[in-house]
Structure formats: structure tokens, C-alpha cells
Amino acid sequence: MRLNQSLMPTAEAVYKLIQELNKLPGIGPKSAQRLAYHLLRTPEEQTKLLADAILLVKQKTKLCSVCFNITDSDPCLICCSDQRDHSKICIVEQPQDIVALEHTKTYNGRYHVLHGAISPTEGVGADDIRIKELMKRLQGGSISEVILATNPNLEGEQTAMYLNKLISPLGIRVTRLARGLPFGTELEYADDVTLTRAIEGRQEF
Amino acid sequence: MSKPRNYQTEAIIIKKIKLGEADRILTLYTPHLGKIQAVAKGVRRPRSKLAGHLELLTHSLVSLARGRNIDTIIGSQTINSFLPLKSDLQLSSYALYATELVNQFTAENIENYPLFELLLETMHRLCQGDDNELVLRYFELHLLDKVGYRPQLQQCVSCRLPLKATTNSFCPSAGGMLCPICSQSQPLTYPLSVNAQKVLQLLQNSDYNTVSRLKINPELSHQLEMVMRNYLRYLLEREIKSTAWLDTLREQTRRAAFSQIALL
Ligand SMILES: [Zn+2]
Ligand SMILES: [Zn+2]
């Protein structure tokens, strides 16, 4: 959906703002317009805070040189912490996945963010995500387990299978997050792949 | 008379792109509607009832509601999840390659039942553990047939004389084989051995059961792959993205085998 300038009898600056907001994920032209007029009515100090926050997030954050998580100090807090188990690395597709996993408070190792997943038909191959950097981290023999936490969809599975091929010959234990039924759903709606893996991955009660 | 608001169709999921926070736009290949696009709402959330039934390389029965710009998927039930494909890196990559070709060679809303059937059969064949390269070459030649680019492999496309049992050349821009005399004036041609020509002809003219009994050595197999790849690329006027990944996998397998030998 594209914005039509002729339909927008408005100041150039407002149009520009709407255009930029419209580029954000999940923001259609209608929402963009609503947000723009909302900002227009907001006191200037308030909008300045927002503008500064947007600029700051670009200026003050970088990628951790160890795990490639988004951080304001390098290495990031997780990589620096001696409370965490440095022999385990959990591999995720994107920084937001770390937030979700940390929220569970059940994992105490470190992470590695791939920044994507292999997607052959989109032209995303092994060199387009941070696999080389991961393999470098695995040298030296201090890592005992790699946990593959890529998404349970085809791209995530392909990435996991490829990494397993690369890592298991190194003698490092490779595990995959259990793939089964999501909590709060009903069995009858589950697809075959999920159900098959849920049966295979069943555990002692 | 207006069309009914909701409809149902079989479909193979051949492409997906993210939309907004939790939705996807899916490309479906169907038996009677050809290629269609539809929105699947909420499928990126873990609790989505639809997601597993709408993953790539799944054959599903899909219910859709007509929309002004794009139709919306309101239900989906798996017919075949092709689990053996999805749990194997090599096989899923081959199958993705096949879906990419179908996507690239078709326009939306044009029925092509034989092509639907070919794609579905190809996915089954990949699951069966047949010679995968042969499955793909058969798929490529028959896909070209079904979309109107059947290459001429029996006679010279220039002088129209039947080809002699000698090295003749495949010429992508001419859409077929050239005899040694005619190929002299053509810069971009691929010389093919008598054997390679025979295999291509057999692939093009036989049913799959006959083809599946063929035994092809790796060198010939590679030659056939390259000549087909060049022809497909010529027709599409662009790279086929998944071939780069197929090459990566092959290289990785080769290196793994090499280090195995080194260990012994
Ligand atoms: Zn870090
Ligand atoms: Zn000729």
C-alpha cells in the first residue's frame, strides 16, 4: 500500500512524517496518518524526547563483538558476566529472541545472534548470516554445548540442520530446542509436523 | 452473478513473506487457480492454529475469503506435510529449488493443472530417495514443456536436420540443439556428448518410471545440471537464487567427505 500525495492536502512536513511512519513494520497509511496528527498535537518537549530516543538508539547501540547481540557496552553484559556458564552457547536468529529467552530465567549460558536464517529462495545463504563468526567462537575447545534455538519453521529448521552438520564433527554436543505443542493450544488444531515431533520428543511424566 | 465470498482449494505453499507484526503473504500453487497470493493473519504467533498448515513445502486444503485487494486465508488443513523433505537439509533445499522455478515461470491466476501435478509428484519423488539430480532434471524439462519453453532436442533448430550421433551443442538463445555446422556461427553454446543428448531426450520424452531406472555417473549428471541451469537462467533473465545454496551444500558435503578421508 502506497501513499497517494494528491489525496493528502497537507503541509509538506506532515506528509513527510506520514511517509516515514508508513515505512515502519505494521504501520499502514491510515495508522501513519493518525500517528502524525497525534504528534502534531503533542507538546514540543514531548516530541523532542521521542526524536532524541530514536537518534540515541542509533548512536549509542552497537553489536556485541562476541555474540552480536545489540548492546551499549562491548562486550555485552551477558558476555561479560562471570555468573554465566561460558561453555554453553545458545544460537538465535535475532536479538529479540534473547529477550524472550532471558525472560524465562531458565538459561544461564551465553548466546550467539545469527541476524537471520538461511532462506535459499530469498538468496540468503550461509555467508549472509553470522555463521563464520560462530565457527570462530567454537574454536579453542572451551565450548561443550551448542543449543540451536532458531525458529521452528522451514528456514529455522534448515539453518539448524546446516549448523548441526558444521558443528557436530567438532565433538561439541549440539541440542535443539524441543519442538512440540505450544502452550494454550488445542491438540486437534495441531499440524502433522508439530504433532509428529511432539510425540517423538515426549518425556517421562 | 457474483462469485461466492468464500472458497476452498488445494494448494502447495511455495513462498512466504512477512507482513506487519504477525502476518504473512503466502504464494500458493493450486490445481485450478494456478498461482495465487493470500494473506495469512497471525501465523507468526506461536499460538496460531494455521501456521503449521501453511508452512513452505506443505500440501494443504486451504479456505479463503475474497478481499478487495488480496484474499485472506481463513482455514487450512494439511493434506501432506512432506515431513521427510522438511527433516532433511538436502531434500528440502531441492524442493525449495523446484518451488522457486514454479514461482518464477508462472503468472498469477492462470490454471496449469499439469504443472501442479508435476510439482506435487516431484515432492513425492524427492521423499522416496530416488536419484535427486535425476528427479530435478526430469522436473526442469517437464516444467519447461508445461510453460511453453520445451527445448528442441531431436533436430537442429537452425537447419532442421535430424541430429547425428556426434557431439552437438545446446544453444539457450535458440531454444534447442544445433548441429556442428550451424553451431559454428553461434557464440554461446554448450557442447553435449552423445550420451548427454540421449539422457536429455529420454528425460523429455519418457514417463518418470522409465527415467527412474537410469543410472548416471556424477560427471554426466553435473554436465546436465549446468546445461539446464544455463537454459533456465537465460529464459528467466536472472539467477535462480536457490542454486547458490545448492552449490554451498554440495561444497560442504564434499569438504566433509574430504576431512573424513583425512581422518582415516
Ligand atoms: Zn555479547
Ligand atoms: Zn544445423
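Every value quoted in this text rests on a predicted model; they were computed, and no experiment measured them.

Focus: the overall build of chain A
Working step 1: Each helix and strand counted, chain A has eight helices and six strands in total.
Working step 2: Going from the N terminus to the C terminus, chain A shows its helices and strands as α-α-α-β-β-α-β-α-β-α-β-α-β-α.
Working step 3: In terms of its C-alpha atoms, chain A occupies a principal-axis envelope of roughly 65 × 45 × 35 Å.
Working step 4: The proportion of buried residues among the 205 residues of chain A is 23%.

Remarks on the sheet that holds strand β6 (residues 168–171) of chain B
Residue and element names in this part refer to chain B.
Working step 1: A sheet is described by the order of its strands in space; here three strands give the open sequence β7-β6-β8, paired in antiparallel fashion. Lying at the two open borders of the sheet, with one neighbouring strand each, are β7 (176–178) and β8 (190–192). For this sheet, the mean inter-axis angle between neighbouring strands, taken without regard to orientation, is 40°.
Working step 2: Pairing between β6 and β7: three bridges, direction antiparallel. From the neighbouring strand, S169 faces β7, where its bridge partner is L178.

Things to note about helix α3 (residues 113–127) of chain B
All names here are of chain B.
Working step 1: Between its first and last C-alpha, α3 extends 22 Å over 15 residues, near the 21 Å set by a 1.5 Å rise per residue.
Working step 2: Turning to α3, its buried residues number three or more, namely L115, F116, L118, L119, T122, M123, R125 and L126.
Working step 3: Buried-residue contacts for α3 involve β1 (6–19), β2 (23–30), α1 (83–86), α2 (89–105) and α4 (132–146).

Some words on the interface of chain B and chain A
Note: interface size is frequently given as the accessible area lost on complex formation between the parts.
Working step 1: Contact residues are listed per partner, giving 27 residues for chain B and 25 residues for chain A.
Working step 2: When residues of the side of chain B that touches chain A are traced back to their parent elements, those giving at least two are α1, α2 and α9 (241–263) of chain B.
Working step 3: Here the residues of the side of chain B that touches chain A are counted per class, giving eight nonpolar, 11 polar and eight charged.

Quick notes on the pairing of strand β5 (residues 145–148) of chain A
Residue and element names in this part refer to chain A.
Working step 1: Burial of β5 is one-sided: the residues V146 and L148 facing one way are buried, the residues E145 and I147 facing the other way are not.
Working step 2: The sheet contact formed by β5 and strand β6 (residues 173–176) spans four bridges and is parallel. Across the sheet, the residue bridging to L148 is R176, located in β6.
Working step 3: Each parallel crossover has a hand, and for β5 linked through helix α7 (residues 154–167) to β6 it is right-handed.

A few points about the nonpolar core
Working step 1: With 64 residues, the main nonpolar core has I13, Y29, L54, L57, A95, A98 and L119 of chain B as its most contacted residues.
Working step 2: Discounting chain neighbours no more than four positions away, the residues touching A95 of chain B are L57, L85, M123 and L126 of chain B.
Working step 3: Membership of the second largest hydrophobic core comes to 26 residues, among which are V92, I98, A160 and L163 of chain A.

Remarks on the packing of α2 of chain B against α3 of chain B
Residues and elements named next belong to chain B.
Working step 1: At a minimum axis separation of 10 Å, α2 and α3 run at an interaxial angle of 170°. In terms of axis orientation, α2 runs roughly antiparallel to α3. Contact residues: L91, Y94, A95, A98 and V102 in α2; L115, L119, T122, M123 and L126 in α3.
Working step 2: Here the contact of α2 with α3 is built from residues that sort into nine nonpolar, one polar and no charged.

Some words on the pairing of strand β3 (residues 34–40) of chain B
Residues and elements named next belong to chain B.
Working step 1: Two strands pair when backbone bridges link them, and β2 and β3 are joined in this way by seven bridges, in the antiparallel orientation. By the bridge assignment for β3, L28 is matched with I36.
Working step 2: Once β2 ends, the chain turns through three residues before running back antiparallel as β3.
Working step 3: Sheet topology places β3 next to strand β5 (residues 71–80); two bridges connect them, and they run parallel.

What counts as what
- Residues numbered from 1 in each chain as written.
- Chains lettered and ligands numbered in written order.
- Predicted model: local features only at pLDDT ≥ 70, side-chain atom pairs only at ≥ 80, totals over all residues.
- Helix = DSSP H or I, 4+ residues; strand = E, 2+ residues; numbered from the N terminus.
- Buried ≥ 20, exposed ≤ 12 C-beta atoms within 10 Å, placed from the backbone.
- Pairing = 2+ DSSP bridges.
- Axes fitted to C-alpha atoms, helices over the stretch in contact; angles between N-to-C directions.
- Expected span 1.5 Å × (residues − 1).
- Contact = placed C-beta atoms within 7 Å.
- Nonpolar A, V, L, I, M, F, W, Y, C, P; charged D, E, K, R; others polar.
- Right-handed = clockwise from strand over helix to strand, strands pointing away.
- Core = buried A, V, L, I, M, F, W, Y, C linked by C-beta atoms within 7 Å.
- Parallel < 35°, antiparallel > 145°, perpendicular 65-115°, else oblique.

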